[in-house]
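Summary of the model geometry
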Amino acid sequence: PVPTYSIPTPFSKHPFEFIIGFRNTFYLIFFAYFLTIMAVTAANFNLGIFALLLILLLCMSFYAEPEDMYFVWVFSQTSTKFLLIKILTALAFSTLLCLPVSISLMVFYPENMIAVAGFQIIGSLYLIAMILSKYAAFPEKINLPQILLIALSVSFPPLLIGIIPYFYSKSITRLNEILK
């Protein structure tokens, strides 16, 4: 028999998106941490922000693929509760992954503390939009119009004010069919 080895993760067993995503992209996460060290040693704040955005984009990518319908169906709560748990878990674990970068940038660039917090907040809003778009299309993959909406909001972030509630209502409709 071939010995198997699984990469340990700092996450519990429930948010499988982060377990699978971390195991598939851990080298990119450590690369982002390396970029943060380079940003500090080279006095390049923008490189540090790039590292933060890289981690947030990786976290968004964890939600690109839909899970099997069974894993949603066995959830014994309402659609709203399901989405709330998914979002809170994603925010907690993405913040955990971003913490080394954010703290480093805030310590070494205290004059840019508000910018770091702003990028973290905006990145979290995009993560929420990604989760909601995943379940708005569930059990299918995220479709082209949803991708275009998210991409359009990248060029004009205030669009998130309308996109998040739109995806939320579509997600509730889709999940109600499965969870009831």
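Scroll up to find the structure.
Residues numbered from 1 in each chain as written. Predicted model: local features only at pLDDT ≥ 70, side-chain atom pairs only at ≥ 80, totals over all residues. Heavy atoms only, no water.

1. What about the state of the cysteines?
What the rule picks out here adds up to zero disulfides. No disulfide involves Cys59; its sulfur sits 5.6 Å from that of Cys98, the nearest cysteine. By relative accessible area, Cys98 is classed as buried at 1%. (Disulfide = S-S within 2.5 Å. Buried < 20%, exposed > 50% of the residue type's maximum accessible area, 1.4 Å probe, protein only.)

2. Quick word on the side chain of Thr36
Tracing the backbone through its elements, the reader meets Thr36 in helix 1 (residues 16-41). In this structure the side chain of Thr36 is engaged in a polar contact, spanning 2.9 Å, whose partner is the backbone oxygen of Ala32. Sequence-distant contacts of Thr36, that is, excluding residues within four places in its chain, are made with Ala51, Val101 and Ser104. (Helix = DSSP H or I, 4+ residues; strand = E, 2+ residues; numbered from the N terminus. Polar contact = N/O pair within 3.5 Å; in protein donor to acceptor, adjacent residues only side chain to side chain. Contact = heavy atoms within 4.5 Å.)

3. Observations regarding the environment of Glu65
Along the chain, the position of Glu65 falls in the loop between helix 2 (45-61) and helix 3 (69-73). A C-alpha to C-alpha distance of 17 Å links Glu65 and Lys170, two positions 105 residues apart in sequence. At a separation of 3.4 Å, a polar atom in the side chain of Glu65 contacts the side chain of Lys141.

4. As for the packing of helix 1 against helix 4 (residues 79-108)
Helix packing for two helices is described by the angle between their axes and how far apart those axes are. The interhelical angle for the contact between helix 1 and helix 4, taken along N-to-C directions, is 15°, at an axis separation of 10 Å. One element, helix 1, and the other, helix 4, form an angle in the roughly parallel class. Crossing of helix 1 against helix 4: the hand is right-handed. Note on element contacts: helix 4 touches helix 1 through Lys86, Ala90, Phe93, Ser94, Leu97, Pro100, Val101, Ser104 and Phe108, opposite Phe16, Glu17, Phe18, Phe22, Ile29, Tyr33, Thr36 and Val40. Its residues placed into classes, the contact of helix 1 with helix 4 shows 12 nonpolar, three polar and two charged. (Axes fitted to C-alpha atoms, helices over the stretch in contact; angles between N-to-C directions. Parallel < 35°, antiparallel > 145°, perpendicular 65-115°, else oblique. Left-handed = near helix turned anticlockwise from the far one by under 90°. Nonpolar A, V, L, I, M, F, W, Y, C, P; charged D, E, K, R; others polar.)

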